[in-house]
Amino acid sequence: MQPFTAAIFDMDGTLLNNMPLYYAAFRIFIERHGLRPPPSEAVRLIGMRQSDIFPALFGRTLTPEEIAHYSAEAGTIYREMLAGVTPLPGLLRFLDLLEQRQVRIALATSAPRDNVAPTLDALGITNRFAAITLGEEVPRGKPAPDIFLEAAQRIECPAECCVVFEDSFAGIAAARAAGMRCIALATTHSADDLRAADPDLIVADYDELLRMTSLLFPSL
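Residues numbered from 1 in each chain as written. Predicted model: local features only at pLDDT ≥ 70, side-chain atom pairs only at ≥ 80, totals over all residues. Heavy atoms only, no water.

## A closer look at helix α6 (residues 113-123)
Among all positions of α6, only Asn115, Val116, Thr119, Leu120 and Leu123 are buried. One face of α6 carries all of its buried residues, which in axial projection span an arc of 120°. In this fold, the buried residues of α6 make contact with α1 (19-32), α4 (64-79), α5 (91-100), β2 (104-109) and β3 (131-134). Where α6 terminates, the next one or two residues include Gly124, which has phi positive at roughly 75°. (Buried < 20%, exposed > 50% of the residue type's maximum accessible area, 1.4 Å probe, protein only. Helix = DSSP H or I, 4+ residues; strand = E, 2+ residues; numbered from the N terminus. Arc of directions from axis to C-beta. Contact = heavy atoms within 4.5 Å.)

## Observations concerning the packing of aromatic side chains
When we look at a pair of aromatic rings, we describe it by the centre distance and by the angle of the planes. A complete count under the given rule lists 12 aromatic pairs for this structure. A ring pair is formed by Phe9 and Phe165, whose centres lie 4.5 Å apart and whose planes are at 10°; its orientation type is stacked. One end of the pair, Phe9, is in strand β1 (residues 6-9); the other, Phe165, is in strand β4 (residues 162-166), with 156 residues separating them in the sequence. The interplanar angle of 65° and the centroid separation of 5.5 Å between the aromatic rings of Phe94 and Phe165 together place this pair among those described as edge-to-face. You can see Phe94 sitting in helix α5 and its partner Phe165 sitting in strand β4, a full 71 residues away along the chain. Every member of this aromatic cluster is reached through a ring pair, and the members are Phe9, Phe94, Phe129, Phe165 and Tyr206. (Phe/Tyr/Trp six-rings, centres within 6.5 Å; stacked < 30°, edge-to-face > 60°.)

## Some details on unusual backbone geometry
Note that the residue after Lys142, namely Pro143, is joined by a cis bond; omega there is 15°. Along the chain, Pro143 turns up in the loop between β3 and α7 (146-154). Although it is not a glycine, Gln102 adopts a positive phi angle of roughly 60°. Here Gln102 lies in the loop between α5 and β2. Its identity is not glycine, yet Glu156 carries a phi of approximately 60°, on the positive side. By the secondary structure assignment, Glu156 is in the loop between α7 and β4.

Right, dumping it as structure tokens:
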């Protein structure tokens, strides 16, 4: 892998394996509203913005007020399950290594704004990012490249110098569309499934990635 000067991280499923919590909150939400999206639809929605997810769930156009209401409801369900979450193995050591190598670190997540700070607080990494970009802050959500391009601009790094860390098909596609390299975490999807999205590298966690430091940083 060519040298890089910036690392852009997705949050859910990438910094922590919290997708089971989202699935549990998702089930509670759809049961509460009598929704029955097919499993294939649920998988497609992973990594997308709330403004894209809820109209797909309800099968109709929603007003901004309705989206905000449903997002707040689903977020409350999720945050009640958040206690006790831990970073993916090796994440904290990997962030330390990036800082030692003077790599700029950014967060780019489609998660609702109200979920971001509690999640980062629970992981103890609130102050580890030079910039945080939310899906609601850009015109188009993943798989469009907007969020990663905006994150790169905020940390003043060209796209070709960025590596994206992602767990979802939409996120990998967004990184590719942004002209960035992508390392996929096999948390939400299996490594076999992720190969179809053609990331540059697939790892189980950051412990595995740390064993490849000579690949990431040839000078080490």
